[in-house]
Amino acid sequence: AGSWKPATGPVSQGLSRKIKRKQKLFLFQNGRYEFTYNRHGHFQQGQLAIMLSVDKEDVENKRPIKFYKGPAGCKEFPPVANFDHQYLLGHGWVLVAVPFETSKPCKIKGRIVGKRTQYGVRLRIASTIHGSQGATFGKLITAVSNHDDYKGLNFALWEAAQVVVLLSRTRTCGDLYFVGNPDEVVGQLLSILEMKTKFLDHITSMTQRLCSRADETQAIDRPPLFRPCDFILDRIPGVYLLISTRSYGYMYIGETKNLRRRLGDHNSGRGSKFTNNQHLRPWALFGYVHGFVSTDSRRIFEDTWKRHALQRRNRMNTYSPMGMMSIGEQMVAYKNRNRSKQHQLRVQRCGSYEARHAEGWRVV
């Protein structure tokens, strides 16, 4: 075991990234802080703290200093005008002592281990968007575009979810202030909101389902797939829609008691006569319906889906896989009208489709 030495600049920076205790801590009257670690029976990490006054003698001698600990779950400070002993105690704030302690050893890099001796609080004046999730602020000042006065800092956002979290940190829009040119700020927010991330469709569909009424039928999008080998298909019975990856105009509707095995049959030449065509393989599962109580109910749904699809074909020469899936979803909605929730059919989408050019249309 090595001996402890004063930390160099790079080691101190690495330690700042690993632990929440600050290298430099500013203490002042009516300061608003938060605790940086858990101290059993006294306070918890992230809990709000208020310092009404600073005892310079205690700080200079590195003795414990006093803070008012916020009530459990409290996410915002009272107005500064109410910062006094009687008000805080009457509203659930508790007086606690924070010692000048050494943190647990933390691995920095390689064989280098660091620790920091400091009071376990930090100013609650700045935060990242990620760190502010779940918090409510009385006032919030933020930047979403780069500024000439801070050329070394990058304030740009890169996901629409960041904008949603940022805009919901205050109770009213009037309490949210943006630093920078107004036109640049608006342009930056709009450009980020218009971006479509790979998980956005899945998150949106899950949110819509959670917020829907019990009598509504919601289709659930699968999370984005990166490789076929990452996808594990359920071994459940259902009625499914396949699409040819060679020619999007060719689709197949079928029913099975084991979706995973049946998809393998279609792609290995052991499926139906139509899907055995090697010029159309491999087939991709575009979506399926499950929740049937019997084989007969699956076959009736399959025949009805095909019949409705052919009726649509008589009214137009081409039809997209999304439109074909929509037919199945409409049928599910109709059948679920008078069913209890536990007996309703479910729709599962497994892919999306982008039309690049017109193709012939066929369903079997």
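I will try to describe carefully the structure that is included in this document. Just so you know, these numbers come straight off a predicted model, no measurement behind them.

Criteria and thresholds
Counting restarts for each chain, with residues numbered from 1 along the sequence as it is written. For a predicted model such as this one, the threshold for reporting local features is a pLDDT of at least 70, and the threshold for listing and counting side-chain atom pairs is 80 or more; totals across whole chains, interfaces and linings nevertheless cover every residue. Hydrogens and water are ignored here; the side-chain numbers use all heavy atoms of the structure. The salt bridge criterion pairs a side-chain nitrogen of Lys or Arg with a carboxyl oxygen of Asp or Glu, the two atoms within 4 Å. Helix and strand assignments follow DSSP, with helices taken as H or I runs no shorter than four residues and strands as E runs no shorter than two, numbered in order from the N terminus. Buried Ala, Val, Leu, Ile, Met, Phe, Trp, Tyr and Cys residues that are joined via side-chain atoms within 4.5 Å together make up what is termed a nonpolar core. Throughout this description, buried means an accessible area under 20% of the type-specific maximum (1.4 Å probe, protein chains only), exposed means over 50%, and partly exposed covers the range between. In what follows, a contact means two residues having at least one pair of non-hydrogen atoms within 4.5 Å. One requirement defines pairing of two strands: DSSP has to find at least two bridges between them. Lines fitted to C-alpha atoms define the axes here, with helix axes fitted over just the stretch in contact, and angles between the N-to-C directions of these axes take values from 0 to 180 degrees. Centres within 6.5 Å make a pair out of two Phe, Tyr or Trp rings, where for Trp the six-membered ring is used; the pair is then stacked when the planes are under 30 degrees apart, edge-to-face when over 60, and tilted otherwise. Put simply, a charge is over a ring when the Lys NZ or the Arg CZ is close to the ring centre, within 6 Å, and near the line of the ring normal, within 35 degrees. The patch calculation keeps residues exceeding 30% relative accessible area without a salt bridge and links them within 9 Å when they carry like charges or within 5 Å when they are nonpolar (Val, Leu, Ile, Met, Phe, Trp, Tyr). For every accessible area listed, the method is Shrake-Rupley and the probe measures 1.4 Å; residues are considered covered only by the protein chains on display. Two N or O atoms form a polar contact when they lie within 3.5 Å of each other; inside protein one atom must be a possible hydrogen donor and the other a possible acceptor, and for residues adjacent in sequence the pair counts only when both atoms belong to side chains.

Description of the pattern of salt bridges
Point 1. One pass over the full model with this rule turns up 13 salt bridges.
Point 2. Where Glu255 meets Arg299, a salt bridge forms, and the shortest distance between an N and an O atom there is 3.4 Å. Highlighted residues: Glu255 in strand S14 (residues 250-256) and Arg299 in helix H8 (residues 295-315), separated in sequence by 44 residues.
Point 3. Here the salt bridges do not stand alone but share partners, grouping Glu34, Arg122 and Arg124 into one network.

Observations regarding the nonpolar core
Point 1. Judged by nonpolar contacts, the single largest core of 18 residues is most densely connected at Leu241, Val289, Phe301, Trp305 and Met324.
Point 2. In terms of residue count, the dominant contributor to this core is helix H9 (residues 321-335) (5 residues).
Point 3. Those residues in contact with Val289 that sit more than four places away from it in its chain are Pro237, Gly238, Val239, Phe301, Trp305, Val332, Leu345, Arg346 and Val347.

Some points on the sheet that holds strand S9 (residues 121-123)
Point 1. Taken together, 5 strands build an open sheet; the order of strands is S4-S3-S2-S1-S9 and the sheet is antiparallel. Unpaired on one side and paired on the other, strand S4 (94-98) and S9 mark the two borders of the sheet. The mean inter-strand angle of the sheet, taken between neighbouring strand axes irrespective of direction, is 45°.
Point 2. Bridging between strand S1 (residues 31-35) and strand S2 (residues 48-51) involves 4 bridges; their strand directions are antiparallel. Bridging across to S2, Arg32 finds its partner in Ile50.

Topic: the packing of aromatic side chains
Point 1. All told, the structure shown has 12 aromatic pairs when counted by the stated rule.
Point 2. Here the aromatic rings of Phe35 and Phe43 are separated by 4.1 Å at their centres, their planes lie at 10°, and the arrangement is stacked. Each member of the pair Phe35 and Phe43 is classed as buried.
Point 3. With a centroid separation of 6.0 Å and an interplanar angle of 75°, the aromatic rings of Phe301 and Trp305 are classed as edge-to-face. Of the two residues, Phe301 and Trp305 both sit in helix H8, 4 residues apart, roughly one turn of that helix. One exposure class covers both Phe301 and Trp305, and it is buried.
Point 4. Feature note: the residues Tyr240, Tyr250, Tyr252, Phe274 and Trp283 constitute an aromatic cluster, connected by ring pairs.
Point 5. Here the basic side chain of Lys306 rests over the ring of Tyr252, its NZ or CZ set 5.9 Å away from the ring centre.

Regarding a nonpolar patch on the surface
Point 1. On the surface, Val164, Val186, Leu190 and Leu193 cluster together to form a nonpolar patch covering roughly 350 Å² of accessible area.
Point 2. Of all the elements, helix H5 (residues 182-193) adds the most residues to the nonpolar patch, at 3 residues.
Point 3. Its location among the elements puts Val186 in helix H5.

Focus: the side chain of Ser244
Point 1. As for its placement among the helices and strands, Ser244 is situated in strand S13 (residues 238-244).
Point 2. On the basis of relative accessible area, Ser244 is assigned to the buried category, the value being 0%.
Point 3. Here the side chain of Ser244 touches Arg246 through a polar contact of 3.2 Å, landing on its backbone nitrogen.
Point 4. Here Ser247 takes part through its backbone nitrogen, which lies 3.2 Å from a polar atom of the side chain of Ser244.
Point 5. The residues touching Ser244, leaving out its near neighbours within four places in the chain, are Tyr250, Leu280, Pro282 and Trp283.

Re unusual backbone geometry
Point 1. Backbone torsion omega between Arg281 and Pro282 reads 5°, so that peptide bond is classified as cis.
Point 2. A positive phi is found at Asn30, a non-glycine position, where the angle reads about 60°.
Point 3. Among the structural elements, Asn30 can be located in the loop between helix H1 (9-18) and S1.

Points about the environment of Leu189
Point 1. Its location among the elements puts Leu189 in helix H5.
Point 2. Along the backbone, Leu189 and Leu157 are 32 residues apart, and their C-alpha atoms lie at a distance of 8.3 Å.
Point 3. Filtering out sequence-adjacent residues up to four positions away, Leu189 remains in contact with Val144, Val163 and Phe178.

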